Amino acid sequence: MLAFLAKHSALCLFIAALIGFAFPSVSLALFPFLPYVLFALMLFTLLGIHQGLLVKALAQWQVWVYALIHSVLLTILTCSLAWLLGASAPLLLAISGICATGSLFATPAIIRSLGMDALIAMAYTIASTLLMPVVLFINLTVLSGDSFSLDLQSYAVRLVIFIFGPMLFAALFHALIKPEKLKRIHNKLAQFTIVLVFSFPLGLVGPFGAMWQNDSGYALELLAISVAICILFFIIAYGLYRKRGREASMIAAVSAVNRNVLLTYTVAGAALGPAFLPLIGAIQLPIYLQPLLVRWGTRLKQVPPQSADQ
């Protein structure tokens, strides 16, 4: 069963988002448990990475250039465009939170399923995640104005628990456990990782599903905004990395669209405003539709053209 779910994970992730949308009560019931799932997923993912290779990848300046594009450049471009189009202050704040968010920790698995370099995708994920608190704090300071009341002590504690905590535990495990034994442990844990990933689209889309039932017009507007944001992220990242080759541009584009919005909400909470939860619910649909579209596009390009006499 787990092998089947792993093989069809892209489709199952989107189906999970659709289930959460159709049954928001189920999604909302799962939502309080997602921070615990997030911690476990980050830890399990980091356990499977060769720490030395990851450190070398993170030491490359190109990785941090990507992180700046992922968080800073896309914040400036997206928020400027939203402001010019007349976005309300709560919506603009919510959009800025999504822009500051690091890439999903499931991104390397998606990249690996496409036959591309998962290590550089993980480096992008870690770098954008580490940069997220700084960009998020700046975004909140600039856009919240006088209403900005982030609890810095709580903010720091959440950063330690959900970002540096898993990284520290993973480093300790790699230092204390022999690589062969750690690999066996990770192979067993990896069987359950995909099940953990399913909980995110299922548990995050609930506020959007509830809003659809109460105000379908505004919900449709949020969905259109979410789709536009994902398309903008993909096009900008793909375009900026196009000269580096198709693989580099695809890794950058997929990483840019995938956003670990639960981590951002867990760190900043109510400081992100009332529009953030419905918006991150809406954005689950295009985020988890992307792997299906990318895989379909990749297979389409791999199909050899038929000759004219066939």
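Described in the following lines is the structure provided in the data block.

Parameters at a glance
Residues numbered from 1 in each chain as written. Predicted model: local features only at pLDDT ≥ 70, side-chain atom pairs only at ≥ 80, totals over all residues. Heavy atoms only, no water. Helix = DSSP H or I, 4+ residues; strand = E, 2+ residues; numbered from the N terminus. Buried < 20%, exposed > 50% of the residue type's maximum accessible area, 1.4 Å probe, protein only. Contact = heavy atoms within 4.5 Å. Areas by Shrake-Rupley, 256 points an atom, 1.4 Å probe, with all protein chains shown as cover. Core = buried A, V, L, I, M, F, W, Y, C linked by side-chain atoms within 4.5 Å. Expected span 1.5 Å × (residues − 1). Axes fitted to C-alpha atoms, helices over the stretch in contact; angles between N-to-C directions. Parallel < 35°, antiparallel > 145°, perpendicular 65-115°, else oblique. Nonpolar A, V, L, I, M, F, W, Y, C, P; charged D, E, K, R; others polar. Phe/Tyr/Trp six-rings, centres within 6.5 Å; stacked < 30°, edge-to-face > 60°. Patch = residues over 30% accessible without salt bridge, like charges linked within 9 Å, V, L, I, M, F, W, Y side chains within 5 Å. Salt bridge = Lys/Arg side-chain N within 4 Å of Asp/Glu carboxyl O. Lys, Arg positive; Asp, Glu negative; His and termini not counted. Charge placed at Lys NZ, Arg CZ, Asp CG, Glu CD.

1. What to know about the overall build of the protein chain
Scanning the protein chain from N- to C-terminus turns up 16 helices and zero strands. Counting all 310 residues of the protein chain, 51% fall into the buried class. Across the protein chain, contacts joining residues at least 24 apart in sequence account for 82% of those joining residues at least 6 apart. When the accessible area of the protein chain is evaluated, it comes to approximately 14,900 Å², of which 71% is carbon and sulfur surface.

2. A word on the nonpolar core
Counting residues in each nonpolar core, the largest one holds 101 residues, and the members touching the most others are I95, I98, L136, F200, L204, F233 and L279. Those residues in contact with I95, other than ones at most four positions away along the chain, are T78, C79, A82, I225, I229 and L279.

3. Points about the side chain of T101
Within the element layout of this structure, T101 appears in the loop between α7 (89-100) and α8 (107-113). Excluding residues within four positions of it along the chain, T101 makes contact with H70, M132, R259, N260, V261 and T264.

4. Things to note about the environment of A82
Tracing the backbone through its elements, the reader meets A82 in helix α6 (residues 61-84). For A82 and I95, which are 13 residues apart along the polypeptide, the C-alpha to C-alpha distance reads 8.3 Å.

5. Concerning helix α14 (residues 246-257)
Here α14 is 12 residues long and its end C-alpha atoms lie 17 Å apart, about the 16 Å a rise of 1.5 Å per residue gives. Within α14, nine of the 12 residues are buried, which leaves it mostly tucked inside the rest of the structure. Inspection of α14 places S249, M250, I251, A252, A253, V254, S255, A256 and V257 among the buried residues, and these make up the whole buried set.

6. Let's talk about the environment of F105
Counting through the fold element by element, F105 comes out in the loop between α7 and α8. The buried category is assigned to F105, whose relative accessible area is 6%. C-alpha separation for the pair F105 and L46, spaced 59 residues apart in sequence, amounts to 9.1 Å. Contact partners of F105, with chain neighbours within four places excluded, come to M42, T45, L46, M122, T125, I126, T129 and N260.

7. Focus on the packing of helix α12 (residues 206-214) against helix α13 (residues 216-240)
Where α12 meets α13, the closest approach of the two axes is 6 Å, and the angle between their N-to-C directions is 140°. As summarised for this structure, α12 and α13 are arranged oblique, according to the angle between their axes. Taken together, the residues of α13 that come into contact with α12 (itself represented by F208, M211, W212 and N214) are S216, Y218, A219, L220, L222 and L223. For the contact of α12 with α13, the per-class residue count stands at eight nonpolar, two polar and no charged.

8. Examining helix α4 (residues 34-47)
The first and last C-alpha atoms of α4 sit 20 Å apart over 14 residues, in line with the 20 Å expected at 1.5 Å per residue. Where burial is concerned, most of α4 is hidden: 12 out of the 14 residues are buried. Within the sequence span of α4, burial applies to L34, P35, V37, L38, A40, L41, M42, L43, F44, T45, L46 and L47.

9. Observations concerning the packing of aromatic side chains
Considering all chains together, one arrives at nine aromatic pairs under this definition. A ring pair is formed by F39 and F169, whose centres lie 6.3 Å apart and whose planes are at 80°; its orientation type is edge-to-face. Of this pair, F39 sits in helix α4 while F169 sits in helix α10 (residues 152-176), and the two are 130 residues apart along the sequence. The class of F39 is partly exposed, set by a relative accessible area of 24%. Considering the side-chain rings of F234 and Y238, the 6.0 Å spacing of their centres and the 10° angle between planes classify their relative orientation as stacked. A residue pair is termed a helical-turn pair when its members lie 3 or 4 positions apart in one helix, as F234 and Y238 do in helix α13 at four residues. The exposure class of F234 is partly exposed, given its relative accessible area of 23%. Members of the aromatic cluster, connected to one another through ring pairs, are F21, F208 and W212.

10. Re a positive patch on the surface
Together, K178, K181, R184 and K188 make up a region of like positive charge exposed at the surface. Mapped onto the elements, R184 comes out in helix α11 (residues 179-204).

11. A closer look at a nonpolar patch on the surface
Together, L11, I15, I19, F23 and V26 give the surface a local cluster of nonpolar side chains, amounting to about 430 Å² of exposed area. In terms of residue count, helix α2 (residues 9-22) provides more of the nonpolar patch than any other element does, three residues in total. Along the chain, the position of I15 falls in helix α2. Assessed through its relative accessible area of 36%, I15 is described here as partly exposed.

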